[in-house]
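Tertiary structure, described
Each chain, letter by letter, is given below.
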Amino acid sequence: MATMLGQSDPANSPLGLMLLDEITPVVMVLRTPLVEEACLKNGLNLVELLTPFSTFNNIDVPVRTASDQPYRLQKFKLRLFYASDIRQPNLEVAKEQLKEVITHAGEKDFSDLCSDPPQIEDVLSTPESEILPSWFQFVNKELVRSPSFSDHEAFDHPVACLLVVSTKDEQPLNRFVDLFNTNQLPFLLNDGVMDPKILKHYLLVHDNQDGSSEKAENFLTEMRSTFGSNDCRLLCINSSQDGLVEHEVNPWAPYKTDASLSQPLGCFLNIDDFNEIKDLMQDFSSKRIIPHMEQKIRVLNQQVSVTRKGFRNQIKNLWWRKGKEDTPDASNSPMYTFSSIESQIRVLGDYAFMLRDYELALSNYRLLSTDYKLDKAWKRYAGVQEMMGLTYFLLDQSRKEAEYCMENAFNTYLKIGSSGQQNATRCGLWWVEMLKTRDQYKEAASVYFRISGEEPLHSAVMLEQASYCYLFSKPPMLHKYGFHLVLSGDHYKKCDQIKHAIRTYRRALSVYKGTMWSYIKDHVHFHIGKWYAFLGMFDVAVPHMLEVLTCGHQSKTTQDLFLREFLQIVQASVRESLWQSLEEDMIPSLPTIRTNWLESLPKNISKKHKQSNICVTGEAIKVDVEFKNPLQITISISSVSLICELSASSEEIDCDANSSTSELQNDEESGKLTISREQTSNSSFTLSKADFSLGGGERIMVQLTVTPRIEGILKVVGVRWNLSDSVVGFHNFESNLVKKKIAKGRRKAKHSPSDNLKFLVIKSLPKLEGSIHHLAEKVYAGDLRRLVLELRNQSEFPVKNMKMKVSSPRFLNVGSWEILNTEFPACLEKKTDPEQRVQANHNKESHTVFLFPEDTLIQGGTPFLWPLWLRAAVPGNIPLYITIYYEMGDISNIMRYRTLRMYHNLEVLPSLDLSFQISPCPSRLKEFLVRMDAVNKTSSEIFQIHQLSSVGCQWKISLLQPVETMLPSELMPGQALSCFFKLENVRKLTTPEDKVSLLAPREGSDVKLGSEASNEILFDICSSPLADFHICERMHQEGSHQEHPNSVDFILISQPSNDSINTGLPNPPPHLFSHHVCHCRIESTSPIWWLMEGPRTIHHNFSASFCEVKLKMTLYNSSDLSASIFIHTLDSIPSTSQLSEVMAGSPGNQVGWYDTSLLNDIKVTSDVLGMKVGKPPSLDSVSQFIWSGSSSTKVEVEPMSTAVVPLQICVFSPGTYDLSNYALHWNLLSSKDKGSHGKCPGSPYYLTVLQSA
């Protein structure tokens, strides 16, 4: 019988909670289509509608089973299934569903796999719940449910049947009878597995949108007279007519995971429907299901006691089963009908288990175990042993017996074969949870390993869970943890779950990092690199491949494999797609213009050269050739070069005339002919040569070049070399020309692969060469410097129509020609004449393509210079891609334009870390206190803070105290500082024209933070390049406060101390640092600010009369919409409940109110007010002052405007009074935002009234 236990109650363990979900009474649901139609209005079917109300955490029902001692049942749950779903799951469908879940989990978790793997120390200190992937629980639950509705287990057999008919159905009584049709019932009822005399409960559903429920009440009366009053119930739903009900805590959300919902769940169910469904399931469980199960247990226990218990019955049973041990094992267990004593004992045990009478359940499981063993019904025997193990666990009695039963059940399931595999998995998972509850993680890991099986994906999940058990063992078994992660990752890879394989291998890497286990580390790094490359993440793959290059301890074959894979990944990591994306906006979309030499030629090229690629005279063609040594010894190869043919344009016709002859030569003659051509045409092209040695079985990739000197047709036909400086060898890239014949009457065969090595050489064209001056490899974050782009064209023909685009405008920006010859940073100083400013580009399109001036021409080797601006925005390794498009005019009708690609990798180190906090000023409207925190993150650099600017014409920043008292002269490495400024809102009403340029920085205000004696000039944040970079920062720092009228942008400008920054350049340029912090939000979210004004101390003679005090409240509306403000005054300070009643008149939540009184500098909320008020005054108390005049005032304040409201109080006796007993409500007019209204109690305002002499 269930007993009351403490916190160590096994029922509250993960396994106990899992059993509460999985081994509970099943209710079979039969319904008509019209019932489903009514439920689907809420986005739910009938079972989904009832399921959230079928779990009870405190049902508190008295239960009496076989004994006379009752106990109370607290937790209870019903599992509802349609009759069509009560069947054994399709294993193939279940596998596909699990695969989808695991694949989706890999996609979801993969975003975290680009960062560095965690250190093993951090892993050991992380709680178990944070380490385990969240989807494990779902997968395990699905695996536990896979053998559901088996014929040998009674806890999945329906306990009751819920028949549901709609009031819209014709003849509802007949529909109830028709529903319980044998054709619709599950196999468990039709095949004699369970008693067909099942408890029936009749539910009539009425849709309130179809009219009143009078007709439904009449039907209910007929039902009760026919089926019995206790078995019939009426449920009215959809009481909301508009379907706009939104539940704060939606009970269906955890059960409905479909993200593509067109309407809120339960949108037609109001609170009355909600309570009616809840009462229905409560009564159904406590008054029908549980009593029915109690009665069933008592009846079955009486039968079992008569037939099976007692010494005489045991001897009779053994005698009857005598001789069954000698029969062969029954692979298919004998058929036990629902009326057999064995089936009745199993039902008795499972019902007792579900009602928490574990001792009664255990006694019947023991009795049944012997029978099944004698009958050799092994699957049923294993099922009983499994339940015995769970019962022992929940009774918290014999741990040894519990583990013995679980192992016995597990092994028996495995002996059965494939039919018991799903049951073995379920048994193993329950066994694992049992061991983990007792902190036996090592033993749990071995069970996971035994569950793994042969299916790769299933094995991968189980092996990964086993690895975590080794991690959680005491002490942690790290080597086995890492090894099982590797095994799991290997299985993930076999079933194409690459992202899960990377995740497990990365976790294993934390174990082997810093150890001497070289081989396993190489294995892990190598495969992680390959898998990242397979996913196209070459930037992440390369560092892992670099880890395996120093692999001298590996065999030569393995070293060759590592190096070859590394080279392939590095080559693939060249981001051709990025170059193309940069060039697509610049290259004209003309069909006759070629973007590269791999594209087809324009129409004015002859047909026989259509398949040729294009190259330019004097420019090298690179060909990669792989060599392999088939021997096991090292050989020396020297003078390796390409074998080429170059025919001048006039000679090509003759070559083609003799083409048939050259095609019929054998390989040896062709080789001699090619070499002689190379020797006689040595002046027509230039070849590169390479020397290397090849180890036994080694492969090597060699890059060879050929540079044509004259126009014509160039063919790369082979490669030649010298072996050991004595023997000349060669290889033709296409050696089967002798086999090719052209059939008469047919065209030539397909395009030959060798045509890829055939080039049309055109005359020399202009070619740009570029470099960037003053571009260092390492800079600090915020570093702003001027660079110079130098372009040269050695050709006498000029290039024109130049365009340029950079990949990261946040880091690199194109300057204007005027600043090239100015001093830096003097060119950034604020000009007194606004016309001298370099205007910023406020248009987002300005970051796409930069057009050089139309009259720009580059030729004859004369350098062309253009200024660039570099700003290191954020720390990290930043790749900078620059592409320049240029045209050559009418020099060539084949190639009209070319592109120059420039690449630079910039390492940005941390410098200053900034943060801002803006708080309302307590004593002034439209004024705020700004706190700036700065930390020098460098290890050796010293900074001097020069200037702080607020961006935007609506803000004005100023100092609170002299600079010398608030800032140190220098910010040393590792030093932090905090300083305060005053920020004033001078914003005016924004016009539609102003809103267009909200992204761009407007006129701002500046505060000079340098030494007063230095007379330094302020830098102009509204001019290029500071304004251009700020536009980029606003775009990249987008957040929830973006474009909010009360958000502020700040720019801090600093300079390094003299000779502090070491760039490594021969002539280091001057340095300036700009740090941009955008979208800083004021702590208050309210658009309405107010201030109470009036006297603080008054002397009055109360013997003559009471004292009248005049006050005024100034209201300011900082929004772009008109605001309606309601002031409600009370004659005494209200209690919390009174204040809530006062404020209930205005909808919405309290947002944004804060105190602006002189004596209080904190935001006052209702909680703070409640603490100050203390106990509410008694009914007998009399207020010492009252508000005179109107008790409520309502005003409307225009946008960006101020309104003054006069107030007055009457004081009856001397004292100090808190005049905060008022409430304010505001509402923005013509606003569609949900947060356009708010409410708040009044701010404290203390008035002292003294008795005059």
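Values in this document were obtained by computation on a predicted structure and should not be read as measured data.

Turning our attention to the packing of helix H17 (residues 421-437) against helix H18 (residues 441-451). At their nearest, the axes of H17 and H18 sit 8 Å apart, and the two run at 170 degrees to each other. One finds that H17 runs roughly antiparallel with respect to H18. Contacts between H17 and H18 involve Thr 425, Gly 428, Leu 429, Trp 431, Val 432, Glu 433, Leu 435 and Lys 436 on the former and, on the latter, Tyr 441, Glu 443, Ala 444, Val 447, Tyr 448, Arg 450 and Ile 451. Residues belonging to the contact of H17 with H18 are distributed by class as follows: nine nonpolar, two polar and four charged.

On to the packing of aromatic side chains, then. Scanning the entire structure with this criterion turns up 35 aromatic pairs. Note on Tyr 202 and Phe 227: the rings are 4.0 Å apart at their centroids and 15 degrees apart in plane angle, and the pair reads as stacked. A residue pair is termed long-range when its members are at least 10 positions apart, and Tyr 202 in strand E8 (residues 199-207) and Phe 227 in helix H10 (residues 214-227) qualify at 25 residues. The exposure classification of Tyr 202 matches that of Phe 227, with both residues buried. Aromatic side chains Phe 824 and Trp 869 sit 5.7 Å apart centroid to centroid with 50 degrees between the ring planes, which places their arrangement in the tilted category. Taken together, the residues Phe 824 in the loop between strand E23 (812-814) and strand E24 (850-851) and Trp 869 in strand E25 (residues 864-871) connect sequence positions 45 residues apart. Neither residue differs from the other here; Phe 824 and Trp 869 are each classed as buried. Grouping aromatic residues by their ring pairs yields a cluster made of Trp 817, Phe 850, Phe 852, Phe 864 and Trp 866. In this structure, Arg 31 packs its charged tip against the face of Tyr 82, placed 3.7 Å from the ring centre.

A few words on helix H13 (residues 341-354). Relative to the 20 Å expected for 14 residues at 1.5 Å per residue, H13 spans 20 Å between its end C-alpha atoms, a close match to the ideal helical length. A positive phi of about 70 degrees marks Arg 356, the residue just after H13.

Tracing the backbone through its elements, the reader meets Thr 856 in the loop between E24 and E25. Owing to a relative accessible area of 8%, Thr 856 belongs among the buried residues under this scheme. From its side chain, Thr 856 meets the backbone oxygen of Pro 853 in a polar contact 2.9 Å long.

What counts and what doesn't
Residues numbered from 1 in each chain as written. Predicted model: local features only at pLDDT ≥ 70, side-chain atom pairs only at ≥ 80, totals over all residues. Heavy atoms only, no water. Axes fitted to C-alpha atoms, helices over the stretch in contact; angles between N-to-C directions. Helix = DSSP H or I, 4+ residues; strand = E, 2+ residues; numbered from the N terminus. Parallel < 35°, antiparallel > 145°, perpendicular 65-115°, else oblique. Contact = heavy atoms within 4.5 Å. Nonpolar A, V, L, I, M, F, W, Y, C, P; charged D, E, K, R; others polar. Phe/Tyr/Trp six-rings, centres within 6.5 Å; stacked < 30°, edge-to-face > 60°. Buried < 20%, exposed > 50% of the residue type's maximum accessible area, 1.4 Å probe, protein only. Lys NZ or Arg CZ within 6 Å of the ring centre and 35° of its normal. Expected span 1.5 Å × (residues − 1). Polar contact = N/O pair within 3.5 Å; in protein donor to acceptor, adjacent residues only side chain to side chain.

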